[in-house]
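Structural overview
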Amino acid sequence: MNRKTKWIVGAGLAVALVAGAAGMAVAAGGDDHETPITGEALGKASAAALAHTGGGRVTGTEVGDEEGYYEVEVTLPGGGQVDVHLDQAFKVLGGTADQDSKGDQDGPNDR
């Protein structure tokens, strides 16, 4: 192999490695599969979240949230949303309901 061919093959291999690594990063981090809470845990987590927000409607749940063991999304009567983070014993880890604004609103301790 001459010097020019080695350089082209080496550059092509480097591009392939970078592209492969980027694809693996997207597959690992970009795929947002959230595991919903199910069974008895769903009832307990929902009750704890609704008690914390003072009412509303559970519109999403997740097990293994980065900010707690459980996450329960509650849509408030006024249209705002609050993500309530719970530990394994269904204890609220922090944050308060923002009932004044619409959209996805976290409590001050959930940021």
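A short tour of the structure in this document, coming up.

**Remarks on the overall build of the chain**
Scanning the chain from N- to C-terminus turns up two helices and four strands. When its helices and strands are written in sequence order, the chain yields α-α-β-β-β-β. Of all 111 residues assigned to the chain, the portion counted as buried reaches 26%. In the chain, the share of contacts with a sequence separation of at least 24, taken over all contacts with a separation of at least 6, comes to 30%.

**Focus on the pairing of strand β2 (residues 70-75)**
Of all six residues making up β2, six are buried, and the element is well covered by its neighbours. Going residue by residue along β2, you find Tyr-70, Val-72 and Val-74 tucked away on one face and Glu-71, Glu-73 and Thr-75 tucked away on the opposite face as well. Across six bridges, the pairing between strand β1 (residues 57-63) and β2 is antiparallel. Across the sheet, Val-63 pairs through a bridge with Tyr-70, a residue of β2. Taking the residues between adjacent antiparallel strands as the criterion, β1 and β2 are bridged by six residues, where Gly-64 takes a positive phi near 80°. Hairpin geometry of β2 and strand β3 (residues 80-86) is characterised by an intervening segment of four residues between the two adjacent antiparallel strands and by a positive phi of about 105° at Gly-79.

**Notes on the nonpolar core**
Counting residues in each nonpolar core, the largest one holds 13 residues, and the members touching the most others are Ile-37, Ala-45, Tyr-70, Val-72, Val-74, Val-84 and Leu-86. Listed by contribution, the elements that provide at least two residues to this core are α2 (39-53), β2 and β3. Among the elements that make up this core, the one with the highest residue count is α2 (four residues). If sequence neighbours within four positions are ignored, Tyr-70 has contacts with Ile-37, Ala-41, Glu-62, Val-63, Asp-65, Val-84, His-85, Leu-86, Asp-87, Gln-88 and Phe-90.

Calculation rules
- Residues numbered from 1 in each chain as written.
- Predicted model: local features only at pLDDT ≥ 70, side-chain atom pairs only at ≥ 80, totals over all residues.
- Heavy atoms only, no water.
- Helix = DSSP H or I, 4+ residues; strand = E, 2+ residues; numbered from the N terminus.
- Buried < 20%, exposed > 50% of the residue type's maximum accessible area, 1.4 Å probe, protein only.
- Contact = heavy atoms within 4.5 Å.
- Pairing = 2+ DSSP bridges.
- Core = buried A, V, L, I, M, F, W, Y, C linked by side-chain atoms within 4.5 Å.

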